[in-house]
Protein chains: 2
Amino acid sequence: MISLSLTTEELIDAYGEGACECPSPNAQMSLVFSQSRSFDLVELEQLLQAVGWSQRPFRKVRMALDNSLLKVGLWQHDPSFPRLIGFARCTGDGVLEATVWDVAIHPLYQGFGLGKQLMDYVNKSLRNLGIRRITLFADPGVVSFYLSQGWLLEPKGHRCAFWYAN
Amino acid sequence: MISLSLTTEELIDAYGEGACECPSPNAQMSLVFSQSRSFDLVELEQLLQAVGWSQRPFRKVRMALDNSLLKVGLWQHDPSFPRLIGFARCTGDGVLEATVWDVAIHPLYQGFGLGKQLMDYVNKSLRNLGIRRITLFADPGVVSFYLSQGWLLEPKGHRCAFWYAN
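The paragraphs below set out a description of the structure included in this document. Just so you know, these numbers come straight off a predicted model, no measurement behind them. (Residues numbered from 1 in each chain as written. Chains lettered and ligands numbered in written order. Predicted model: local features only at pLDDT ≥ 70, side-chain atom pairs only at ≥ 80, totals over all residues. Heavy atoms only, no water.)

Some points on the interface of chain B and chain A
Part 1 of the argument: Opposite the 50 residues of chain B that make contact, chain A presents 50 residues.
Part 2 of the argument: In total, about 4800 Å² of surface goes out of reach between chain B and chain A, with carbon and sulfur atoms giving 62% of it.
Part 3 of the argument: Between chain B and chain A we count three salt bridges in total.
Part 4 of the argument: In this structure, E97(A) engages R89(B) in a salt bridge whose closest nitrogen and oxygen atoms are separated by 4.0 Å.
Part 5 of the argument: Taken together, the links from chain B to chain A amount to four residue pairs in polar contact (both at pLDDT 80 or more). (Contact = heavy atoms within 4.5 Å. Buried area = accessible area lost by both parts, 1.4 Å probe. Salt bridge = Lys/Arg side-chain N within 4 Å of Asp/Glu carboxyl O. Polar contact = N/O pair within 3.5 Å; in protein donor to acceptor, adjacent residues only side chain to side chain.)

Looking at the pattern of salt bridges
Part 1 of the argument: In the structure shown here, the tally under the stated rule is 13 salt bridges over all chains.
Part 2 of the argument: Among the ionic pairs, R56(B) bridges to E45(B), the shortest N-O distance being 3.3 Å. Pair noted here: R56(B) is in the loop between α2 (41-50) and α3 (58-66) and E45(B) is in helix α2, with a separation of 11 residues, a long-range link. Just as R56(B) is buried, E45(B) falls in that class too.
Part 3 of the argument: One salt bridge in this structure joins R56(B) and D102(B), with 3.2 Å as the shortest N-O distance. With R56(B) in the loop between α2 and α3 and D102(B) in strand β5 (residues 97-105), this residue pair connects regions lying 46 residues apart in the sequence.
Part 4 of the argument: Several salt bridges converge on common partners, so that one network encompasses D93(A), E97(A), R133(A), E45(B), R56(B), R89(B) and D102(B). (Helix = DSSP H or I, 4+ residues; strand = E, 2+ residues; numbered from the N terminus. Buried < 20%, exposed > 50% of the residue type's maximum accessible area, 1.4 Å probe, protein only.)

Description of the pairing of strand β6 (residues 133-138) of chain A
Residue and element names in this part refer to chain A.
Part 1 of the argument: Within β6, five of the six residues are buried, leaving the element largely enclosed by the surrounding structure.
Part 2 of the argument: Note: strand β5 (residues 97-105) against β6, four bridges, orientation parallel. Directly across from V100, in β6, lies its bridge partner L136.
Part 3 of the argument: At this point the chain moves from β5, through helix α4 (residues 114-128), to the parallel β6, and the crossover so formed is right-handed. (Pairing = 2+ DSSP bridges. Right-handed = clockwise from strand over helix to strand, strands pointing away.)

Details of the packing of α2(B) against α3(B)
Residues and elements named next belong to chain B.
Part 1 of the argument: Interhelical geometry of α2 versus α3 gives an angle of 95° and a closest axis separation of 11 Å. The angle between α2 and α3 places the two elements in the roughly perpendicular class. Between α2 and α3, the residues in contact are L41, V42, L44 and E45 and F58, V61, R62 and L65, respectively. (Axes fitted to C-alpha atoms, helices over the stretch in contact; angles between N-to-C directions. Parallel < 35°, antiparallel > 145°, perpendicular 65-115°, else oblique.)

A look at α2(B)
Residue and element names in this part refer to chain B.
Part 1 of the argument: Of the residues making up α2, those classed as buried are L41, E43, L44, E45, L47 and L48.
Part 2 of the argument: Looking at the buried positions of α2, the neighbouring elements they touch are α3, β3 (70-76), β4 (83-92) and β5.
Part 3 of the argument: The distance from a side-chain oxygen at the start of α2 to the backbone nitrogen of V42 is 2.8 Å, and the residue carrying that oxygen is D40.
Part 4 of the argument: Following α2 by one or two positions, G52 adopts a phi angle in the positive range, close to 105°.

Side note on the relation of the copies chain B and chain A
Part 1 of the argument: After a rotation of 180° and a shift along the axis of 0.0 Å, chain B superposes on chain A with an RMSD of 0.0 Å. Put plainly, the chains are arranged around a two-fold axis.
Part 2 of the argument: Taken together, the interface assignments show that 100% of the residues at the interface of chain B recur at the interface of chain A, consistent with an identical surface on both copies. (Least-squares fit on C-alpha atoms with pLDDT ≥ 70 in both.)

Scope: geometric values only; no functional claims are made or implied.
Pasting the structure below:
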């Protein structure tokens, strides 16, 4: 199913250490996960708005990215102009806790299991840091998506989630 | 109700910038919030175990503290040996999101509203950073504590909380 035309060296050169292929739904299209390829903020915010989120000030987004524990881009590979089609980031203390934010797959690329691949990549990356406890807040529309991947919905007797707008 | 014998200068000297008095339930006892006084890890873990949490490796706790956005200690003031009687820390990206962890008031000091004071101090400190969205996970036994302070319990139609053990 994968037809990635990059060698491992080219992959690391273009997408940085830790980059890896993502199974692609289309043999003509190569997809790559990267933790270190930098983001064009306009492209990132366009992706997040495409899935329905409101725009945020670029200055704050840049600071939030700088202070995030992990930023993952899912790129449609192109030698000269890779396109950002998926994204997720995590905050946390790097050892005990991590919280996942801003999970998005561009609507044109949804329905092919890429969201699951993205979350698998995020979980694996956090596990490599030794982090065992991961949290996230999800919109009601994607609850079944997370439930199907082994996430536990809270509250259910053990822990309860709270939200506060300052 | 407050009888803090420290001057502002002494307060900052001993507890760092941002330190402030906490209303004390006992006129003979001075309490101080600090964001920068360093913790003795043995004392911190003893406090967290006193409220019922299991011990964690010191190496991991130290790294977690180093990587936390905000660490707040509530100290019973003593000129030579302040005692740590409360604690909370936050992870986050410093601008958009913050998550509160490890909220504890020593059992001997519970029942006097110090937990509410602690959370007020945490919220105010995060607000000063410009952070408007704060999350936390609570044990069922303290749900009413957070509800009474304006926190929203999720899921309730809008957002849902998930938890994953890697």
